[in-house]
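The chain contents come next:
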Amino acid sequence: MAKTKYVYAFGGGLAEGDGSMKELLGGKGAGLAEMTKIGLPVPAGFTITTEVCDLYYKAGRKWPAGLDEEMAKQLKQLEKNVGKKLGDPKDPLLVSVRSGAAISMPGMMETILNLGLTDASVEGLATKTGNRRFALDAYRRFIMMYGSTAMGIEREEFDKIFGEVKEAKTRKRLGVPNGNKVSDTDVNEAELADVIAGFKALYKKHIKKEFPQDPQEQLRGSIDAVFNSWMADKAVTFRKVEKIQGIRGTAVSVVQMVFGNKGDTSGTGVCFTRDPNNGVDEFYGDYLINAQGEDVVAGIRTPIKLSDFERKDPKAYKQLLDVRSRLEKHYKDMQDLEFTVEEGKLYMLQCRTGKRSPFAAFKIAVDMVNEKLITKEDAIMRIKTNDIEGIFYPMIDKSQPQKLKDAFLVQGIDAVPGAACGKVVFNAKVAEDWAAKGEKVILVRKETSPEDVGGMHAAQGILTATGGKTSHAAVVARGWGKSCIVGCEKLDISYEKKAFSVNGKTVKEGEYITIDSSAGNVYIGELKLVKPEPSEAYKTLMGWVDQIKTLKVRTNADTPYDAENARKLGAEGIGLCRTEHMFFDTEARILAIREMIVADDVEARKKALAKLLPFQTEDFRGIFKAMDGYPVTIRLIDPPLHEFVPHDEVGQKALAKAVGLSYEHVRQRVEQLHEQNPMLGHRGCRLTITYPEILDMQVTAIIKAACDMTKKGVKVAPEIMIPLTIDAKEFKILEQRTRSVADTVIKDAGVQLSYMVGTMIEVPRAALLADQIAETAEFFSCGTNDLTQMTMGISRDDAGKFLPDYVDEKKAGVFKADPFQSLDQEGVGMLIKMAIEKGRSTRKNLKVGICGEHGGDLNSVKFCHRVGMNYVSSSPYRVPVSRLAAAQAVIEDKKAAAKTKATAKAAGKSAARTVSVRKTSAVKKTGAAKPAEKKATRAVAAKKPATRKAK
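Everything numeric here is computed off the predicted structure, so don't read it as measured data.

Rules used throughout
Counting of residues starts from 1 at the beginning of each chain's written sequence and follows it residue by residue. Given that the model is predicted, a residue must reach a pLDDT of at least 70 before its local features are reported, and side-chain atom pairs must reach 80 or more before they are shown or counted; all residues, however, enter totals for whole chains, interfaces and linings. Excluding hydrogens and water, the side-chain values take into account all heavy atoms of the structure. Any residue under 20% of the maximum accessible area for its type is buried, any over 50% is exposed, and the rest in between are partly exposed; the area is computed with a 1.4 Å probe on protein chains only. What counts as a helix is a DSSP run of H or I of at least four residues, what counts as a strand is a run of E of at least two, and both are numbered from the N terminus. Pairing between strands is defined by DSSP: at least two bridges between them are needed. By the criterion used throughout, a crossover qualifies as right-handed when its path from the first strand across the helix to the second strand runs clockwise, the strands pointing away from the viewer. Here a residue-residue contact requires only that any non-hydrogen atoms of the pair lie within 4.5 Å. Structural elements are reduced to axes, namely lines fitted to C-alpha atoms, with helices fitted over the stretch in contact, and the angle between N-to-C directions of any two is expressed from 0 to 180 degrees. Throughout this description, the term salt bridge denotes a Lys or Arg side-chain nitrogen within 4 Å of a carboxyl oxygen of Asp or Glu. Here, the arc refers to the directions that run from the helix axis to the C-beta atoms. Residues grouped as a nonpolar core are buried Ala, Val, Leu, Ile, Met, Phe, Trp, Tyr and Cys residues, joined through side-chain atoms within 4.5 Å. Distance and chemistry together define a polar contact, namely a pair of N or O atoms within 3.5 Å, with one atom able to donate a hydrogen and the other to accept it when in protein, and with adjacent residues in sequence counting only for side-chain atoms on both sides. Centre distance within 6.5 Å is the pairing criterion for rings of Phe, Tyr and Trp, where only the six-membered ring of Trp is used; planes under 30 degrees apart are then read as stacked, over 60 as edge-to-face, and the remainder as tilted. Criterion for a charge above a ring: Arg CZ or Lys NZ at most 6 Å from the ring centre, at most 35 degrees from the ring normal. A pair of sulfur atoms, both from cysteines and within 2.5 Å, is called a disulfide here.

**Details of the pairing of strand E34 (residues 871–874)**
And step 1. Going residue by residue along E34, you find Tyr871 and Ser873 tucked away on one face and Val872 and Ser874 tucked away on the opposite face as well.
And step 2. Summarising the sheet, strand E33 (residues 847–850) and E34 pair through 2 bridges and their orientation is parallel. Of the residues in E34, the one forming a bridge with Ile850 is Val872.
And step 3. Note on the crossover from E33 through helix H34 (residues 858–866) to E34: the handedness is right-handed.

**Details of the sheet that holds strand E1 (residues 7–11)**
Either a parallel or an antiparallel arrangement is found when strands of a sheet pair, and the pairing is made through backbone hydrogen bonds.
And step 1. With antiparallel pairing, the 6 strands of this open sheet are ordered in space as E2-E1-E3-E8-E6-E7. Two strands in the sheet have a free side with no partner beyond their single neighbour: strand E2 (14–15) and strand E7 (111–115).
And step 2. Pairing between E1 and strand E3 (residues 45–48): 4 bridges, direction antiparallel. Bridge pairing in E3 places Val7 opposite Ile48.
And step 3. Running at roughly 120° to strand E6 (residues 95–101), helix H1 (residues 22–37) makes contact with E1, E2, E3, E6 and strand E8 (250–256) of the sheet.

**As for the pattern of salt bridges**
And step 1. The full count for this structure, using the stated rule, is 61 salt bridges.
And step 2. The residue Arg140 makes a salt bridge to Asp137 at a minimum N-O spacing of 3.0 Å. Placement of the pair is Arg140 and Asp137 together in helix H5 (residues 132–150), with a separation of 3 residues, close to one helical turn.
And step 3. Since its relative accessible area comes to 4%, Asp137 is described here as buried.

**Notes on helix H21 (residues 560–568)**
Since the α-helix turns once every 3.6 residues, residues separated by three or four places project in the same direction.
And step 1. When we look at burial in H21, the residues that qualify are Ala563, Asn565 and Ala566. Taken end-on, H21 shows its buried residues confined to a sector of 165°, consistent with a single buried face. Seen from the buried face of H21, the exposed residues on the opposite side, beyond 90 degrees, are Tyr561 and Lys568.
And step 2. The elements touched by buried residues of H21 are strand E27 (552–556), strand E28 (574–578) and helix H23 (602–626).
And step 3. Immediately beyond the C-terminal end of H21, within one or two residues, lies Gly570, with a positive phi of roughly 105°.

**Brief notes about the pairing of strand E22 (residues 499–502)**
The side chains of a regular strand alternate between the sheet's two faces.
And step 1. With 3 bridges connecting them, strand E21 (residues 492–494) and E22 associate as antiparallel partners. Each bridged residue has a counterpart across the sheet, and for Asp492 the counterpart in E22 is Ser501.
And step 2. Between the end of E21 and the start of E22, which pair antiparallel, lie 4 residues, with Lys498 showing a positive phi angle near 55°.
And step 3. With 4 bridges joining them, E22 and strand E23 (residues 505–508) adopt antiparallel strand pairing. Residue Ala499 lies in a different strand from E23, and its bridge partner there is Lys508.
And step 4. Counted between consecutive antiparallel strands, the loop separating E22 from E23 contains 2 residues, among which Asn503 sits at a positive phi close to 50°.

**Some details on the side chain of Arg578**
And step 1. Take Arg578: it is sitting in strand E28.
And step 2. Overall, Arg578 belongs to the buried group, its relative accessible area being 18%.

**Some thoughts on the nonpolar core**
And step 1. Grouped together as the largest cluster of nonpolar side chains are 103 residues, with contacts concentrated most on Leu541, Phe624, Ile703 and Met869.
And step 2. By residue number, the principal contributor to this core is helix H27 (residues 692–711), which donates 9 residues.
And step 3. With residues up to four places along the chain from it excluded, the contact list for Ile703 reads Ile720, Ala742, Val745, Ile746, Leu753 and Tyr755.
And step 4. Within the second largest apolar cluster, 87 residues are counted, among which are Leu75, Met145, Val187 and Ala474.

**Re the environment of Gln213**
And step 1. Counting through the fold element by element, Gln213 comes out in the loop between helix H7 (189–207) and helix H8 (215–229).
And step 2. On the accessibility criterion, Gln213 (35% relative accessible area) is partly exposed.
And step 3. A sequence separation of 198 residues divides Gln213 from Ala15, and the C-alpha atoms of the two residues are 31 Å apart.
And step 4. Excluding residues within four positions of it along the chain, Gln213 makes contact with Thr118, Asp119, Tyr139 and Gln218.
And step 5. There is a polar contact of 2.7 Å between the side chain of Gln213 and the backbone nitrogen of Asp119.
And step 6. Only 3.1 Å separates the side chain of Gln213 from the backbone oxygen of Phe211, close enough to count as a polar contact.

**Points about unusual backbone geometry**
And step 1. For Lys332, which is not glycine, the phi dihedral falls at a positive 55°.
And step 2. Its location among the elements puts Lys332 in the loop between helix H12 (314–331) and strand E12 (335–342).

**Looking at the sheet that holds strand E9 (residues 267–272)**
And step 1. In space, the 5 strands of this open sheet follow the order E11-E10-E9-E12-E13, with antiparallel pairing throughout. Each edge of the sheet is formed by a strand with only one pairing partner; in this case those strands are strand E11 (304–305) and strand E13 (345–353).
And step 2. Bridge analysis of E9 against E12 gives 6 bridges, and the strand direction is antiparallel. Residue pairing for E12: Gly269 is matched across the bridge by Phe339.
And step 3. Packed on one face of the sheet, H12 meets E9, E12 and E13 and runs near 30° to E13.

**Remarks on the packing of aromatic side chains**
And step 1. Across all of its chains, the model carries 22 aromatic pairs by this definition.
And step 2. Both rings, one in Phe309 and one in Phe339, keep their centres 6.0 Å apart while their planes meet at 25°; by these two values the pair is stacked. Remark: Phe339 occurs in strand E12 and Phe309 occurs in helix H11 (residues 306–312); sequence separation between them is 30 residues. Like Phe339, Phe309 is buried.
And step 3. Through a chain of ring-to-ring contacts, the aromatic side chains of Tyr139, Phe142, Tyr146, Tyr203 and Phe211 assemble into a single cluster.
And step 4. Between Lys531 and the ring centre of Tyr877, over which it is positioned, the NZ or CZ distance is 5.4 Å.
And step 5. Lying across the ring of Tyr871, Arg554 places its NZ or CZ 3.8 Å from the centre.

**A short note on the state of the cysteines**
And step 1. A full pass over the atoms with the stated rule returns 0 disulfides.
And step 2. Here Cys421 is not cross-linked by a disulfide; its sulfur's nearest cysteine counterpart is in Cys484, at 16 Å.
And step 3. Unpaired in this structure, Cys484 has its nearest cysteine sulfur neighbour in Cys488, at a distance of 11 Å.
And step 4. Judged by its relative accessible area of 0%, Cys484 is buried.

Below, the structure written as structure tokens:
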């Protein structure tokens, strides 16, 4: 059995891995290998696979057998390649230890730089480079990163020591006025030596031993730290928010250090090959002179723009421009690059697909199709749910320029386009807590760190005092389409006072601000936000989506307004119109339904329902008009009656007075309606079995409205849906009554009108008996909200108490996602698939759709396509997501079919080669036979030249 390979090397133009190996080498490792292979300047190193991370956790955070030996071998080879040794006191090899999962998780896991420095080797580095300040700066960074990352000492404690030295010594030496910032680069050699001594003392205080002087111990501790960061709270939270599932862990890349902190001819930067905010084909990024990589991402210093970098170092900038062009053409997508310039020479440290704003996602995709870099199918597959949602994020209403001028507070750097309004909070946990209570908040920080991701996601927007467009705050917010302003240096933030001051104004926690992150402007107060108009790129790409998809996309809409809005968003009909929602529109309506509920007999109920008839008829007229030419599925009453009546004494007395009944009568009737488990009680079609007059009124309203609109030239296609069916006989009783009422109305109206009668499949028994039900039902609509509840035995309303534990990978991790948000395809999906197959076994052309919340979930819609549904239905603003999912499902089908065909073709060739080898072997064996047999074989061969030719 072949030994598992755990470590893959790269360097000197050669690499054992490549860009296709993200699952094994992580995005960073695969990118380093690929850049090495195509000849870009990449420091040498090696990558430990994601499989090791998986084994590490399975073994109780222990390395798998054989990793030590394989890593030692690769380290020796690295030392040979670069001509330096780890720990050499005269000319040490220094390395970085970097994380990298298969899917980008910016800032969520750990990185350690300058590993290999010790008290002895730092002096050797100083002598070798002739730059003692640089060597000491590298050492203080390493002690801080190792101490905080590998050993768990709070980063703030290191920052405090560094800050005290800057204040007590650097400020005094340089005469920097109070209020002006002392930069890290202002600190000299002697002061850095004091910082290092303070850091080492802090390390010993917490760890109870000296800072490690053995580079091998440092390396092992750093690799463990990266593996451990995979399950850190911030990383787990990020994966939960991003719905990242099914990846094994993080890889670890050990890479030769190159130094951006060697002086003014060195630096570090992060850039994107196109503008990630608007998608324009312009080089975009930040550069910090005399700095190391984490300085840019952490946002500790505000960097310069790439245009300034070009002026300061045109030679290095030209190298970077060449890399930009080569990588975008190679990967055929916008790239996010990390680089370091060491004394004028460029080195590439990372290459990955760049995160972008929703607007940019559409523009880049469409532009690259026009540039012939990718196909329309490729463009569609690149769009994500978040991109669609982000297109409709709010913008500042600029119709009142004077109001904006009066409210203007300060300007920062526009990191992510959009706008947000909320109450100021200064702590990520507070942001989460307030948001959980329904408050809209803006998270204000000096700079964000990965620990803040929970609060960042909960907030409407993010505002930071430091950082650039590629800082942690900007990168994470951009990935979420979250409004974000960074580098607002005029902000004087006090976490202790829970306030910030700027331009003579103070804003306290809990007060409103509005941020226009498209312009970088911050305003005091709560300003009006408006929905933007979708871009031309969005319209173009969604046009391609509609050309490719085969699944129809309808909407869930209860009003003409919702129906019209959904049409604008691409809906092709209504898959669920909930008639009971209409009862709550006005006092007259709710009073009429309540009068029906408390009535003593059929005649009294009919009298009350007659009051509702004109309201319902008018509602349906508006909906049919809005959906001219498209089908409209209308569900008859579904909720239990107790939901419509008042449960307090005041409300019951008011109802009694309004309908002319005694309070005691109303109170008793409300008590009679009480159920222990109303979701499984007297609701849905059970109500119309008991009170068929409700069905009569609703069907009359539907068909009367349809006839009225038909007379006006509107194309109407009503589909009457009976909810909660559990049996074929039950459905047939109601179907026959529905047709009797409908046909009478149509005959009286004197029009030609086609309509359908079908049912919801939302009870497991209905799925099991779908063939019997389909003998009468003309369509099925899968009500996956209730079907999920009943199949799993989980109440959707109560699941919040325990379901998060079932989804949390750090706890039970039973489900990959919340089954009420993304369909449980293995369990509930099996019932749906069965219902479709059984239903179509008795009614070949049975129309099937879905109308639960899952109709707007990307993966659920793809499932619906695979099982052969005709349509999905979702809320209006999820319609574009459903359209996208439907198109992506078709593309995925084509790719799967092509792959199957290629595999079969390869298998056929392999089989042909096997047959050929066997024939050759047989002839060889024949050739080795007895003389008489040889003679016979030659005779046969002479008669059959084709056999000789084949050989």
